[in-house]
Amino acid sequence: MTISSYVRDGLTFDVIDSGPVDGDPVVLLHGFPERATCWREVSPILHDAGFRTIAPDQRGYSPGARPRTRLGYRAGELVEDVVALIDEIGRPVHLAGHDWGSAVGWGVAAERPDLVRSWTAMSVPHPVPFARSMKGPQLRKSAYMAFFNIPFLPELVSGRGGRMERMMRGSGWNEEDVERFRQEIVDYGALPGALGWYRALLLAPRVGRVPVPTTMLWSDGDVAIGRSALEGNEDSVTGPYELIELPGVSHWIPTKAPEAAASAILGTIAKAA
């Protein structure tokens, strides 16, 4: 049976469940400011390989799961949302995440390795080396996070031609990407909740080491995450670990390099066989 939604603590999360129903499940976690549709070109490749994909619109993005205070976006809650989805699926999964989805996935893989058969992180490394890198050049790349923490202002400048759109164009988006952002995030009412993840950053607990097979996929055209943020990332994994660097690709790996994203996921899955 496919899943179109699931409920946790009174919140309802929308899900895109596709591919062969009897295939091993792969859970795909989107980042900011995108929804489950960011995996639209990755999922068919995984389906062709025999896998079922389950991609949720996470907390703040699904209309039925939009807490009004930043406490509702604490990292622990985001992790438990994914755990609840895996419980709904009813068996351990292969897990992949991009951007904020990667940050959440690290927590799931570290805290509940019994539910995660393999883990593929895209763009964002484990929170420990990432936090350590903020003492160096990564701090400048992450300056936008301070802007996102200003109450109401990011929402006010998210309109057509506003600062938010200019930031996204500078990160590698084209006009089609911008239009999708307008429709799927701004017009959909998801932006305040999406920003809630940033506004709860200081409430994040420490994340432990990951014991499952792990791949870190990073692109050298990423304006948000520098190479220095990956230094020591392998020390946060006790299982098999591989770092794959994509030349000439922007931050938006699932949409700009879907074949490479799918290949990384399938490669990690193979290590868990």
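A quick note: this is a predicted structure, and the numbers were derived from the prediction, not measured.

**Q** Tell me about the pattern of salt bridges, and name the residues and values.
**A** Should their charged atoms come close, side chains of opposite charge can pair. Following the criterion strictly, the structure yields 21 salt bridges and no others. Arg52 is the partner of Asp17 in a salt bridge, and the nearest nitrogen-oxygen pair spans 2.6 Å. One end of the pair, Asp17, is in strand 2 (residues 11-18); the other, Arg52, is in strand 4 (residues 52-56), and 35 residues separate them in sequence. With respect to burial, Asp17 and Arg52 carry one shared label: buried. With its nearest N and O atoms 2.7 Å apart, the salt bridge here joins Asp81 to Arg59. One end of the pair, Asp81, is in helix 2 (residues 75-89); the other, Arg59, is in the loop between strand 4 and helix 2, and 22 residues separate them in sequence. This pair shows no difference in class: Asp81 is buried, exactly as Arg59 is. Bridged by salt links that share partners, the residues Arg8, Asp9, Arg59, Arg74, Glu77 and Asp81 form one connected network.

**Q** Describe the nonpolar core, and please don't skip the residues or the numbers.
**A** Counting 62 residues, the largest nonpolar core has Phe32 and Trp119 as its most contacted members. It is helix 2 that contributes the most residues to this core, eight residues altogether. Within the second largest apolar cluster, 21 residues are counted, among which are Val42, Met122, Val249 and Ala257.

**Q** Lay out unusual backbone geometry in plain terms, naming residues and giving numbers.
**A** Note the cis peptide between Phe32 and Pro33, where omega equals -15 degrees. For Pro33, the position within the fold is in the loop between strand 3 (25-29) and helix 1 (43-48). For Asp9, which is not glycine, the phi torsion reads 50 degrees and is therefore positive. Inspection of the secondary structure assignment puts Asp9 in the loop between strand 1 (5-8) and strand 2. The exposure class assigned to Asp9 is exposed, which follows from its relative accessible area of 65%. We note that Asp99 has phi near 60 degrees; this positive angle belongs to a residue other than glycine. Among the structural elements, Asp99 can be located in the loop between strand 5 (93-98) and helix 3 (100-111). Using a relative accessible area of 7% as the deciding quantity, one classes Asp99 as buried.

**Q** Account for the environment of Leu78, naming residues and giving values.
**A** As for its position among the elements, Leu78 is in helix 2. Taking the C-alpha atoms as reference points, Leu78 and Arg52, separated by 26 residues in sequence, lie 22 Å from one another. Not counting chain neighbours up to four residues away, the residues in contact with Leu78 comprise Arg59, Tyr73, Val104 and Trp197.

**Q** Run through the side chain of His47, naming residues and quoting values.
**A** Note that His47 resides in helix 1. His47 gets classed as buried once you look at its relative accessible area, which sits at 19%. Within the local environment of His47, its side chain forms a polar contact with the side chain of Thr53, the two groups lying 2.8 Å apart.

**Q** Tell me about the sheet that holds strand 7 (residues 214-221), and please be specific about residues and values.
**A** The eight strands lie next to each other as 1-2-4-3-5-6-7-8, forming an open sheet whose pairing is mixed. Only two strands of the sheet have a single partner each, and these edge strands are strand 1 and strand 8 (241-250). With direction set aside, neighbouring strand axes in the sheet form an average angle of 20 degrees. Relative to strand 6 (residues 116-122), helix 3 is tilted by about 150 degrees, and along the sheet it contacts strand 3, strand 5, strand 6 and strand 7.

**Q** I'd like to hear about helix 3, residue by residue, with values.
**A** Taking 1.5 Å per residue, twelve residues should reach 16 Å; helix 3 reaches 17 Å between its end C-alpha atoms and fits that length. Across the twelve residues that make up helix 3, a large majority, ten, are buried. For helix 3, the full list of buried residues reads Trp100, Gly101, Ser102, Val104, Gly105, Trp106, Gly107, Val108, Ala109 and Ala110.

**Q** Quick one: what's the story with the packing of helix 8 (residues 163-170) against helix 9 (residues 175-186), residue by residue and with numbers?
**A** Taken N-terminus to C-terminus, the directions of helix 8 and helix 9 make an angle of 140 degrees; their axes are 10 Å apart at the nearest point. Taken together, the axes of helix 8 and helix 9 are oblique relative to one another. The way helix 8 lies across helix 9 gives a crossing that is right-handed. Contact residues: helix 8 offers Met164, Glu165 and Arg169, while helix 9 offers Glu175, Val178, Phe181 and Arg182. Its residues assigned to classes, the contact of helix 8 with helix 9 shows three nonpolar, no polar and four charged.

**Q** Tell me what's going on with the pairing of strand 1, and back it up with residues and numbers.
**A** Side chains Tyr6 and Arg8 of strand 1 all project onto a buried face; the interleaved residues Ser5 and Val7 project onto a face where none is buried. In this structure, strand 1 lies alongside strand 2, joined through four bridges in antiparallel fashion. Following the sheet pairing, Tyr6 is matched in strand 2 by Phe13. The loop that links strand 1 with its antiparallel partner strand 2 comprises two residues; one of these, Asp9, has a positive phi angle of about 50 degrees.

Conventions and cut-offs
- Residues numbered from 1 in each chain as written.
- Predicted model: local features only at pLDDT ≥ 70, side-chain atom pairs only at ≥ 80, totals over all residues.
- Heavy atoms only, no water.
- Salt bridge = Lys/Arg side-chain N within 4 Å of Asp/Glu carboxyl O.
- Helix = DSSP H or I, 4+ residues; strand = E, 2+ residues; numbered from the N terminus.
- Buried < 20%, exposed > 50% of the residue type's maximum accessible area, 1.4 Å probe, protein only.
- Core = buried A, V, L, I, M, F, W, Y, C linked by side-chain atoms within 4.5 Å.
- Contact = heavy atoms within 4.5 Å.
- Polar contact = N/O pair within 3.5 Å; in protein donor to acceptor, adjacent residues only side chain to side chain.
- Pairing = 2+ DSSP bridges.
- Axes fitted to C-alpha atoms, helices over the stretch in contact; angles between N-to-C directions.
- Expected span 1.5 Å × (residues − 1).
- Parallel < 35°, antiparallel > 145°, perpendicular 65-115°, else oblique.
- Left-handed = near helix turned anticlockwise from the far one by under 90°.
- Nonpolar A, V, L, I, M, F, W, Y, C, P; charged D, E, K, R; others polar.

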